[in-house]
Amino acid sequence: KNEVEQSPQNLTAQEGEFITINCSYSVGISALHWLQQHPGGGIVSLFMLSSGKKKHGRLIATINIQEKHSSLHITASHPRDSAVYICAVDGSSNTGKLIFGQGTTLQVKP
Amino acid sequence: NAGVMQNPRHLVRRRGQEARLRCSPMKGHSHVYWYRQLPEEGLKFMVYLQKENIIDESGMPKERFSAEFPKEGPSILRIQQVVRGDSAAYFCASSPSGTVNYGYTFGSGTRLTVV
């Protein structure tokens, strides 16, 4: 079993829909990251969380440390949100030794 | 204030050649991390470097791969005698310190194709 599991693996939505991507992990962490990767593109860091909730524009990220679970929400989704969303956890060692989930491929149709 | 710069964006090498991938961290960042993304697989940590020091190379393949971050200039990931299995996207990230609080800034990656 992977140490970081994301669900769903693939997600198709209609423009305007509310989207949720889940991430569960089984190791101790100092922080959890949500990343975005467009096809053939670079990686953009969306959020870094160690507790609670963060919001940036239409994106919301939450984390429950006790349950070892995080969610990424996209409100009013748009075709430009189509990308791979990756959850990554930073272990207690603080060395950049991130453990990545397999990613969730999101397609938002107009 | 440029972000993390990686070059080249695309690199084609024949089997047996050497590949050199460069990463210039963000200004003010002294910590560099390399990750590899194999086709149809997730990202994997390779190595963590500070200026002139390798801090953690536990994710590096035992042979043919090396990394450095000299006092001056970019960090270099070097792959000797490349094989088809080395074809992947290689990403670099940087941070201003080794603590997690500052997060990481990623580059656009180098796509290596071995023919």
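Residues numbered from 1 in each chain as written. Chains lettered and ligands numbered in written order. Predicted model: local features only at pLDDT ≥ 70, side-chain atom pairs only at ≥ 80, totals over all residues. Heavy atoms only, no water.

Draft legend 1. Examining the overall build of chain B more closely. Tallying secondary structure elements over chain B gives 0 helices and 11 strands in all. When the elements of chain B are put in sequence order from the N terminus, they spell out β-β-β-β-β-β-β-β-β-β-β. Over its C-alpha atoms chain B spans a radius of gyration of 13 Å, differing by no more than 12% from the 13 Å that the globule rule assigns to 115 residues. Referenced to the eigenvectors of the C-alpha coordinate spread, the extents of chain B come out at roughly 40 × 25 × 25 Å. Taking all 115 residues of chain B together, 48% fall into the buried category. Once local pairs closer than 6 in sequence are excluded, the contacts in chain B between residues at least 24 apart make up 53%. When the accessible area of chain B is evaluated, it comes to approximately 5,800 Å², of which 46% is carbon and sulfur surface. (Helix = DSSP H or I, 4+ residues; strand = E, 2+ residues; numbered from the N terminus. Rg over C-alpha atoms; globule rule 2.2 N^0.38 Å. Buried < 20%, exposed > 50% of the residue type's maximum accessible area, 1.4 Å probe, protein only. Contact = heavy atoms within 4.5 Å. Areas by Shrake-Rupley, 256 points an atom, 1.4 Å probe, with all protein chains shown as cover.)

Draft legend 2. Examining the packing of aromatic side chains more closely. A complete count under the given rule lists 5 aromatic pairs over all chains for this structure. With centroids separated by 5.8 Å and ring planes inclined at 40°, the aromatic side chains of B:Tyr35 and B:Phe106 adopt a geometry described as tilted. Here B:Tyr35, found in strand β4 (residues 31–37), pairs with B:Phe106, found in strand β10 (residues 105–106); they are 71 residues apart in sequence, far enough to count as distant. For B:Tyr35, a relative accessible area of 0% gives the class buried. An aromatic cluster is built from A:Phe100, B:Tyr35, B:Phe45 and B:Phe106, whose rings are joined through pairwise contacts. (Phe/Tyr/Trp six-rings, centres within 6.5 Å; stacked < 30°, edge-to-face > 60°.)

Draft legend 3. Examining the layout of surface pockets more closely. By volume, the largest pocket amounts to about 450 Å³. Taken together, the residues that form the lining of the largest pocket break down as 7 nonpolar, 11 polar and 3 charged. Its volume calculated, the second largest pocket comes out at about 180 Å³. Surrounding the second largest pocket, A:Asn2, A:Glu3, A:Val4, A:Leu98, A:Ile99, A:Phe100, A:Gly101, A:Gln102, B:Leu43, B:Lys44 and B:Phe45 form its lining. At the level of elements, β10 (98–100) of chain A together with β5 (43–50) of chain B are the ones that each hand at least two residues to the lining of the second largest pocket. When its residues are assigned to classes, the lining of the second largest pocket shows 6 nonpolar, 3 polar and 2 charged. (1 Å grid on protein atoms, 1.4 Å probe; cavity = no way out; pocket = protein on both sides within 12 Å on 5 of 7 lines; lining within 4 Å. Points joined across faces, edges and corners; volume = space filled by probe spheres on them. Nonpolar A, V, L, I, M, F, W, Y, C, P; charged D, E, K, R; others polar.)

Draft legend 4. How the structure looks around the environment of B:Ile55. Residues and elements named next belong to chain B. Looking at the element boundaries, Ile55 is found in strand β6 (residues 53–56). As a C-alpha pair, Ile55 and Phe69 span 14 residues in sequence and 11 Å in three-dimensional space. Filtering out sequence-adjacent residues up to four positions away, Ile55 remains in contact with Tyr48, Leu49 and Gln50.

Interpretation note: all reported values are geometric properties and have no functional meaning in isolation.
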